[in-house]
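# Secondary and tertiary structure notes
Here's the letter readout for the chains.
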Amino acid sequence: MVNRVEKLSLLSEMIAFASFEKDIKEIEYNFLLGVAKQLDISREDFEYLIDHPVSYTHLKSHSERIVQFHRLVLLMNIEQEEGEETSKGITKLYNFGLRMGLSHESITKVLYLMESFPNKIVPPDVLIDIFKTQYN
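Residues numbered from 1 in each chain as written. Predicted model: local features only at pLDDT ≥ 70, side-chain atom pairs only at ≥ 80, totals over all residues. Heavy atoms only, no water.

Right, let's talk about the overall build of the protein chain for a bit. When helices and strands are tallied, the protein chain shows seven helices and zero strands. Helices and strands in the protein chain line up, N terminus first, as α-α-α-α-α-α-α. For a compact globule of 136 residues, the expected C-alpha radius of gyration is about 14 Å, and the protein chain comes in at 14 Å, within 12% of that figure. Overall size of the protein chain, expressed as C-alpha extent along the three principal axes, is 40 × 35 × 20 Å. Split by element, the accessible area of the protein chain, about 7,400 Å² in all, is 54% carbon and sulfur. Looking at charge distribution, the protein chain has the averaged site of its 15 positive side-chain charges lying 4 Å from that of its 21 negative ones. (Helix = DSSP H or I, 4+ residues; strand = E, 2+ residues; numbered from the N terminus. Rg over C-alpha atoms; globule rule 2.2 N^0.38 Å. Areas by Shrake-Rupley, 256 points an atom, 1.4 Å probe, with all protein chains shown as cover. Lys, Arg positive; Asp, Glu negative; His and termini not counted. Charge placed at Lys NZ, Arg CZ, Asp CG, Glu CD.)

Let us look at the confidence of the model for the protein chain. A residue-level look at the protein chain finds 90% of positions with pLDDT of 70 or above and a mean pLDDT of 86. The lowest-confidence element of the protein chain is helix α7 (residues 124-135), averaging 82 in pLDDT; the highest-confidence one is helix α3 (residues 43-51), averaging 95. (pLDDT = per-residue confidence, 0-100.)

Attention shifts here to the packing of helix α1 (residues 4-19) against helix α2 (residues 26-38). At a closest axis distance of 11 Å, the pairing of α1 and α2 adopts a crossing angle of 170°. Classified by the interaxial angle, the pair formed by α1 and α2 is roughly antiparallel. Facing α1, whose interface residues are L11, M14, I15 and A18, α2 presents E28, F31, L32, V35 and A36. Residue composition of the contact of α1 with α2, grouped by class: eight nonpolar, no polar and one charged. (Axes fitted to C-alpha atoms, helices over the stretch in contact; angles between N-to-C directions. Parallel < 35°, antiparallel > 145°, perpendicular 65-115°, else oblique. Contact = heavy atoms within 4.5 Å. Nonpolar A, V, L, I, M, F, W, Y, C, P; charged D, E, K, R; others polar.)

A few words now on α1. Relative to the 22 Å expected for 16 residues at 1.5 Å per residue, α1 spans 22 Å between its end C-alpha atoms, a close match to the ideal helical length. With respect to burial, α1 is a largely interior element, 12 of its 16 residues being buried. Turning to α1, its buried residues are E6, K7, L8, S9, L10, L11, S12, E13, M14, I15, F17 and A18. The N-terminus of α1 is capped by N3, whose side-chain oxygen sits 3.1 Å from the backbone nitrogen of V5. (Expected span 1.5 Å × (residues − 1). Buried < 20%, exposed > 50% of the residue type's maximum accessible area, 1.4 Å probe, protein only. Polar contact = N/O pair within 3.5 Å; in protein donor to acceptor, adjacent residues only side chain to side chain.)

This next bit is on the packing of aromatic side chains. Within this structure, the stated rule accounts for three aromatic pairs. For the ring pair F69 and F131, a centre distance of 5.7 Å and an interplane angle of 75° mean the geometry is edge-to-face. Highlighted residues: F69 in helix α4 (residues 62-81) and F131 in helix α7, separated in sequence by 62 residues. Under the relative-accessibility criterion, F69 is labelled buried at 0%. It is K92 that lies over the ring of F17; its NZ or CZ is 4.6 Å from the centre. Across the ring face of Y56, the terminal group of R99 is positioned such that the distance to the ring centre comes to 4.0 Å. (Phe/Tyr/Trp six-rings, centres within 6.5 Å; stacked < 30°, edge-to-face > 60°. Lys NZ or Arg CZ within 6 Å of the ring centre and 35° of its normal.)

Time to look at helix α6 (residues 104-114). Taken as a whole, α6 has its buried residues at S106, I107, V110, L111 and M114. Within α6, the buried residues cover an arc of 130° as seen down the axis, which keeps them to one side. (Arc of directions from axis to C-beta.)

This part takes up the side chain of Q68. Positionally, Q68 belongs in helix α4. Residue class for Q68 comes out buried when judged on its relative accessible area of 0%. Within the structure, the side chain of Q68 is placed 3.1 Å from the side chain of E13, a separation counted as a polar contact. Q68 has contacts with L10, E13, M14, L59 and M100, leaving out every residue within four places of it along the chain.

Next comes the structure, spelled out in C-alpha cells:
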C-alpha cells in the first residue's frame, strides 16, 4: 500500500490534471474530494494541496500506477461531460500515463477502447487485463 507522501503526491497529481489550463469545476472538486477520502487525506490537507502542490513521487507498484491511471481516466471523463475538448484531455492523460511509467501500447489501447464503453468508462477488470497483457 502507498504511504502518506505517495498519497499526497497522487492527489496532487490529480489536482494538477484537473486544473491544467483552467479552474477546477465543482464536479471535479467533488470527485477529487472523494478520492482524498478514499486515501485518508483530510479535507484541510486536500484544500492545501490545491494551492500548494507536492512533488511527484513515482509509485513503485505497477498495480498502484494502474489504479491511479484509472482514476485519471474517470477524472478526464468528468471533464468531457463538462465539454472540454476531447483531444486535449486525451493528450494530457497519455502524458500522465507515460510519466507514471506505463507502456504506451497499454495507454493507447485503453484510450481506443474507452470509446466503446458507455460514458467512456473502461471497467476496472478490462483495464487491468490490458495492462497485465503488456506487463507480462
